[in-house]
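What the coordinates show
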Amino acid sequence: MYAERVLSGMRPTGRLHLGHYHGVLRNWVKLQNEYPCLFFVADWHALTTTYDEPGTIEENAWEMVIDWLAAGVDPSLATLFIQSRVPEHAELHLLLSMMTPLGWLERVPTYKDQQEKLEHKDLSTYGFLGYPLLQSADILIYRANRVPVGEDQVPHIEFSREIARRFNHLYGREADFEEKAREAVKKLGAKRAKLYEQLRTRFQQEGDHQALERAHALLEEAQNLSMGDRERLFGFLEGSSKMILVEPDALLTEAAKMPGLDGQKMSKSYNNTISLRESADSVTKKIRTMQTDPARVRRTDPGDPDKCPVWQFHLVYSDESTKQWVQQGCRSAGIGCIECKHPVIDAVLKEQEPMHERAQTYIDDPTLVRNIIADGCERARKLSSETMRDVREAIGLNYA
Ligand code: TRP
Ligand code: SF4
């Protein structure tokens, strides 16, 4: 019913690194050629955990946008914007908050996980609890049906689906829909009507899809229902007759195979990153001094690539013949570790060359970045205002 649309956001937390590139940005660059895409700086989201250090947001936001552009995100294909410049997100968040059960938010797995992980910080805040709902507003306001995220964010997309469904259920129907639907339920006969009600409750309250399927089967079998009643009973199950907000699907991004310099996941908090726009000298130095198989003390000791973070880099960057050369040479002590690192250094530098080039244009002329974002914000506001008009009307807030 609505056209395909991709939306994703990223918190402005600092310089992006190769982990972001291989894990997220390369996927965005691919998607921008396949769908209309919206990518945004989730600066309000950053505040949910860094509300006590606001000074960092602005610089991080601009640097992050330059990183996106450096990676090949193309503003002529995708819409790039900043969340806080589109206040409609906040309005939808507020309206959705009126109908969001607290239990749904408390059950989102990232809520407790993050609180435990960041236990030095007071995250028993209203904003932190509500952050998945803010994310839902981000998505629903563009009627985006595809949301590229990592595995950890999938529950948030599920949550957004439930919110959309609940909204449509509450606000998306003919004036006397419920009354008519209840009449139609009675026509199923006492036994079937009771089962129908039970299944409907299970689906709507617990999101139990098996219950929904069973209820569909029940309706298929039911005889002597008018077309209108049948329609109503199907609609009543899912809670809506009119789809105002679109239920999004997660586009699962494969877990990045990009390791950090020490073989753990590449992450700023492990201090094992190569940033997207790191200087060639620094890249070379970092890889040269990378740990290798600890058992390989001397050049004459054979090594085991499986115990070496450099091998992980070869898996990302090297072709088959280079990989064979490493396997063979390492296990037989035929090559030295510095030698083994050369192709990796070359590959990273080669990957970064066009990134440096693209970034330079924007560093030389920051107004270019400002203009890209201004255009993107304008487009985003236009789209989000359209949804908000429908939302206000559905709730009955469109009076003059
Ligand atoms: N919550 C996401 C993160 O922390 C960022 C985000 C905010 C997002 N709003 C979004 C991602 C909407 C996808 C869609 O990584
Ligand atoms: Fe690692 Fe390569 Fe040295 Fe083997 S030769 S230990 S794979 S750096």
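Residues numbered from 1 in each chain as written. Chains lettered and ligands numbered in written order. Predicted model: local features only at pLDDT ≥ 70, side-chain atom pairs only at ≥ 80, totals over all residues. Heavy atoms only, no water.

1. A closer look at the packing of helix α14 (residues 280-288) against helix α17 (residues 337-364)
One way to put it is that α14 packs onto α17 with a least axis distance of 9 Å and a crossing angle of 150°. For the element pair α14 / α17, the angle class is roughly antiparallel. Relative to α17, α14 is oriented so that their crossing is right-handed. Each of A280, V283, T284, I287 and R288 in α14 lies in contact with α17, whose residues at this interface are I338, K341, V344, I345, V348, L349 and Q352. Among the residues making up the contact of α14 with α17, the classes are represented as eight nonpolar, two polar and two charged. (Axes fitted to C-alpha atoms, helices over the stretch in contact; angles between N-to-C directions. Helix = DSSP H or I, 4+ residues; strand = E, 2+ residues; numbered from the N terminus. Parallel < 35°, antiparallel > 145°, perpendicular 65-115°, else oblique. Left-handed = near helix turned anticlockwise from the far one by under 90°. Contact = heavy atoms within 4.5 Å. Nonpolar A, V, L, I, M, F, W, Y, C, P; charged D, E, K, R; others polar.)

2. Observations concerning the domain arrangement of the chain
For the chain, the assigned domains are domain 1 (6-172 + 248-257 + 366-395), domain 2 (177-237) and domain 3 (277-364). Each of domain 2 and domain 3 has a C-alpha centre, and the two are 61 Å apart. (Domains from an automatic or database assignment.)

3. Examining the site of ligand 2
Around ligand 2, the structure places T292, D293, R296, C308, V310, V326, C330, C337 and C340. With respect to the pocket detection grid, ligand 2 is positioned in the largest cavity. Elements represented by at least two residues in the shell around ligand 2 include exactly α16 (320-331) and α17. In terms of residue class, the shell around ligand 2 is built from six nonpolar, one polar and two charged. (Near = heavy atom within 4 Å. 1 Å grid on protein atoms, 1.4 Å probe; cavity = no way out; pocket = protein on both sides within 12 Å on 5 of 7 lines; lining within 4 Å. Sits in = over half its atoms within 2 Å of the grid points.)

4. Remarks on empty space enclosed by the protein
The full count for this structure, using the stated rule, is one cavity of 30 Å³ or more. Listing elements by their share of the lining of the largest cavity, those giving two or more residues are α15 (309-317), α16 and α17. When grouped by side-chain class, the residues that make up the lining of the largest cavity number nine nonpolar, two polar and two charged. (Points joined across faces, edges and corners; volume = space filled by probe spheres on them.)

5. A word on the nonpolar core
Residues L25, F39, W68, L80, L96 and F313 are the most contacted members of the largest nonpolar core, which totals 88 residues. In terms of residue count, the dominant contributor to this core is helix α3 (residues 57-71) (nine residues). When residues are assigned to domains, this core turns out to be shared by domain 1 (6-172 + 248-257 + 366-395) and domain 3 (277-364), each giving three or more. The residues touching L80, leaving out its near neighbours within four places in the chain, are F39, W68, L69, V73, P75, I372, I373, G376 and C377. (Core = buried A, V, L, I, M, F, W, Y, C linked by side-chain atoms within 4.5 Å. Buried < 20%, exposed > 50% of the residue type's maximum accessible area, 1.4 Å probe, protein only.)

6. A closer look at the site of ligand 1
By nearness alone, 14 residues border ligand 1, and R11, F40, Q135, D138 and Q153 come closest of all. Residue R11 places a side-chain N or O atom 3.0 Å away from an oxygen atom belonging to ligand 1. Contact distances for ligand 1 include 3.0 Å between a nitrogen atom and a side-chain N or O atom of Q153. When isolated, ligand 1 has an accessible area of 370 Å², and the protein chains bury 88% of it. (Polar contact = N/O pair within 3.5 Å; in protein donor to acceptor, adjacent residues only side chain to side chain. Areas by Shrake-Rupley, 256 points an atom, 1.4 Å probe, with all protein chains shown as cover.)

7. A look at the packing of α17 against helix α18 (residues 366-395)
Remark: α17 packs on α18, axes separated minimally by 4 Å, with the N-to-C direction vectors making an angle of 95°. When the interaxial angle is binned, α17 and α18 end up roughly perpendicular. Counting all contacts with α17, which are made through T361, Y362, I363 and D364, the residues of α18 involved are P366, L368, V369 and I372. When grouped by side-chain class, the residues that make up the contact of α17 with α18 number six nonpolar, one polar and one charged.

8. Examining helix α13 (residues 227-238)
Over its 12 residues, α13 extends 17 Å from the first C-alpha to the last, a length consistent with the 16 Å expected when each residue adds 1.5 Å. Buried within α13 we find D229, R232, L233, G235, F236 and L237. Where α13 is buried, its residues meet α10 (177-186), α11 (190-206) and α12 (209-221). Where α13 starts, the residue carrying a side-chain oxygen 3.1 Å from the main-chain nitrogen of D229 turns out to be S226. (Expected span 1.5 Å × (residues − 1).)

9. Comments concerning the pairing of strand β2 (residues 37-41)
A large share of β2 lies buried, amounting to five of its five residues. The alternating pattern of β2 places C37, F39 and V41 and L38 and F40 on opposite faces, both of which are buried. Between strand β1 (residues 6-10) and its parallel partner β2, the chain crosses via helix α1 (residues 18-31), and the hand of that crossover is right-handed. Inspection of the sheet shows β2 paired to strand β3 (residues 78-82) by five bridges, in the parallel sense. By the bridge assignment, F39 is partnered in β3 with L80. (Right-handed = clockwise from strand over helix to strand, strands pointing away. Pairing = 2+ DSSP bridges.)

10. Some thoughts on the pairing of β3
The buried count for β3 comes to five of five residues, which makes it a mostly enclosed element. On β3, burial covers both faces: A78, L80 and I82 on one face and T79 and F81 on the other are all buried.

11. A look at the side chain of D304
With respect to the secondary-structure elements, D304 resides in the loop between α14 and α15. At 2.9 Å, the side chain of D304 and the backbone nitrogen of D306 are in polar contact.

12. A few points about the pattern of salt bridges
For side chains of opposite charge, pairing can occur when their charged atoms come near one another. In total, this model carries 26 salt bridges according to the counting rule given. For the salt bridge of E178 with R182, the shortest nitrogen-to-oxygen distance reads 2.9 Å. With E178 and R182 both in helix α10, this residue pair falls four residues apart, about one helical turn. Residue classification places R182 among the partly exposed positions, given a relative accessible area of 37%. For D304, the salt bridge is made with R331, and the minimal N-O distance between the two is 3.4 Å. Placement of the pair is D304 in the loop between α14 and α15 and R331 in helix α16, with a sequence separation of 27 residues. Using a relative accessible area of 17% as the deciding quantity, one classes D304 as buried. A relative accessible area of 41% means that R331 is categorised as partly exposed. Among the charged side chains, a network of salt bridges with common partners joins R15, E63, D67 and R277. (Salt bridge = Lys/Arg side-chain N within 4 Å of Asp/Glu carboxyl O.)

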